Amino acid sequence: MLVVGRVLRSAVAVVAVAAFAGCSSDESPDPDTTPISLNSMRAALLTAADIGPTWQAPAASAEAGQLVSLCGADTEPAQAPGSPEMVSAPLSDEGTKGVQSLTQHALVYPDADQAATALATLLALAADCPPSVERPAKTGDREEPAYTETASTKPLDQENWTGFVTLRNRQYDKAHPATADVAVVALSRSNVVLIDQYAIYRLGTSDASANPQFSADWPKLVATTLKRVD
């Protein structure tokens with residue numbers, strides 16, 4: 001997992017890779033209905049080299065059709081709605097005091113109606129997430145300290161893409177100080193739904209503001225990907 005210095009260097013890399021994304025406009029342009037290909041989305045997803053030298057792609061990949069957990073806690077990862085073509089790019093940066101990860105899924109549907117239906121399905125799941133959950137400590141193969149996790153979902157419009165973001169914060173028992181911040185973004189344009197999950201876990205602190213750059217970094221990562229879509 002991440003040492004603190006590597007966290008800081010990676011944060012700088014996140015800012016650098018997103019620098020060309022530019023500022024979003026206050027205007028509301030007409031929706032772009034031009035179909036987007038699977039190859040275009042594959043090229044748009046960020047690679048480890050795009051973010052920083054300490055990032056890597058994991059050896060193992062998720063099951064086919066499996067996305068990320070929208071509600072966190074003990075909930076299972078969501079499944080891709082419908083039958084889209086799908087391309088994924090999971091990345092992580094691990095050290096001794098924390099880990100940050102970026103999980104990207106592009107769902108490419110035959111048409112915009114199916115993409116809109118898929119986004120609505122995911123939003124319905126996110127809307128049902130409880131605002132706060134408490135979980136007792138786990139023992140055995142999946143040992144984990146007790147924690148409290150909060151979640152909130154809000155609309156999100158970025159770079160002519162529309163959808164939502166679910167933000168989660170996890171605080172572990174003070175006897176085992178650690179904190180986690182997670183942003184799950186679901187955005188749609190034309191026939192595509194993009195799922196981006198950025199997470200940062202830090203050991204040794206139980207401060208709710210342990211990850212001060214989190215709220216700036218996840219939008220920059222998303223904006224950078226969107227700018228790369230042809």
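Notes on the structure in this doc start here. (Residues numbered from 1 in each chain as written. Predicted model: local features only at pLDDT ≥ 70, side-chain atom pairs only at ≥ 80, totals over all residues. Heavy atoms only, no water.)

### Quick word on helix H5 (residues 214-227)
Line of reasoning, step 1. With 14 residues, H5 extends 20 Å between its outermost C-alpha atoms, agreeing within 8% with the 20 Å of an ideal straight helix rising 1.5 Å per residue.
Line of reasoning, step 2. For H5, the set of buried residues is Phe214, Asp217, Trp218, Leu221, Val222, Ala223, Thr224, Thr225 and Leu226. (Helix = DSSP H or I, 4+ residues; strand = E, 2+ residues; numbered from the N terminus. Expected span 1.5 Å × (residues − 1). Buried < 20%, exposed > 50% of the residue type's maximum accessible area, 1.4 Å probe, protein only.)

### Examining the nonpolar core
Line of reasoning, step 1. Among the nonpolar cores identified, the biggest contains 31 residues, and Met41, Leu102, Trp161, Tyr198 and Trp218 are the most heavily contacted of them.
Line of reasoning, step 2. Of all the secondary structure elements, the ones that give two or more residues to this core are helix H2 (38-44), helix H3 (48-51), strand E1 (85-94), strand E2 (98-108), strand E5 (161-172), strand E6 (178-189), strand E7 (192-203) and H5.
Line of reasoning, step 3. Element by element, the count of residues in this core is highest for H5, at 5 residues.
Line of reasoning, step 4. Sequence-distant contacts of Trp218, that is, excluding residues within four places in its chain, are made with Leu156, Val165, Leu167, Ala183, Val185 and Tyr198.
Line of reasoning, step 5. Of all hydrophobic cores here, the second largest spans 19 residues; its members include Val68, Leu70, Ala78 and Val182. (Core = buried A, V, L, I, M, F, W, Y, C linked by side-chain atoms within 4.5 Å. Contact = heavy atoms within 4.5 Å.)

### Here we look at the side chain of Arg189
Line of reasoning, step 1. Counting through the fold element by element, Arg189 comes out in strand E6.
Line of reasoning, step 2. For Arg189, a relative accessible area of 11% corresponds to the buried category.
Line of reasoning, step 3. Other than its neighbours up to four places away in sequence, Arg189 contacts Asp32, Ile36, Asn160, Trp161, Val229 and Asp230.

### What to know about the state of the cysteines
Line of reasoning, step 1. In total, this model carries 1 disulfide according to the counting rule given.
Line of reasoning, step 2. Two residues share a disulfide in this structure: Cys71 and Cys129, whose sulfurs sit 1.9 Å from each other. A torsion of -85° about the S-S bond marks the disulfide between Cys71 and Cys129 as left-handed. Residue Cys71 is found in the loop between H3 and E1, and its partner Cys129 is found in the loop between helix H4 (112-127) and strand E3 (132-135); the two are separated by 58 residues along the sequence. A single burial state applies to Cys71 and to Cys129, both of which are buried. (Disulfide = S-S within 2.5 Å.)

### Focus on the pattern of salt bridges
Line of reasoning, step 1. Tallying each qualifying case throughout the model produces 7 salt bridges.
Line of reasoning, step 2. We note a salt bridge from Arg228 to Asp50, for which the minimum N-O separation is 3.2 Å. Highlighted residues: Arg228 in the segment after H5 and Asp50 in helix H3, separated in sequence by 178 residues.
Line of reasoning, step 3. Put simply, Glu149 and Arg168 hold a salt bridge, and the shortest N to O gap is 3.6 Å. Residue Glu149 is located in strand E4 (residues 147-158), and its partner Arg168 is located in strand E5; the two are separated by 19 residues in the primary sequence. The burial state of Glu149 is the same as that of Arg168; both residues are buried.
Line of reasoning, step 4. Here the salt bridges do not stand alone but share partners, grouping Glu144, Glu149, Arg168 and Arg170 into one network. (Salt bridge = Lys/Arg side-chain N within 4 Å of Asp/Glu carboxyl O.)

### What about the sheet that holds E1?
Line of reasoning, step 1. In space, the 7 strands of this open sheet follow the order E1-E2-E7-E6-E5-E4-E3, with antiparallel pairing throughout. Among the strands making up the open sheet, the edge pair consists of E1 and E3. Strand-to-strand twist of the sheet, defined as the mean angle between neighbouring strand axes without regard to direction, takes the value 15°.
Line of reasoning, step 2. One ladder, built from 11 bridges, connects E2 with E7; its direction is antiparallel. Residue His105 lies in a different strand from E7, and its bridge partner there is Ile195.
Line of reasoning, step 3. Relative to the sheet, H4 contacts E4, E5, E6 and E7, its axis offset from that of E5 by approximately 25°.
Line of reasoning, step 4. Strands E2, E4, E5, E6 and E7 of the sheet are contacted by H5, whose axis makes an angle of about 150° with E7. (Pairing = 2+ DSSP bridges. Axes fitted to C-alpha atoms, helices over the stretch in contact; angles between N-to-C directions.)

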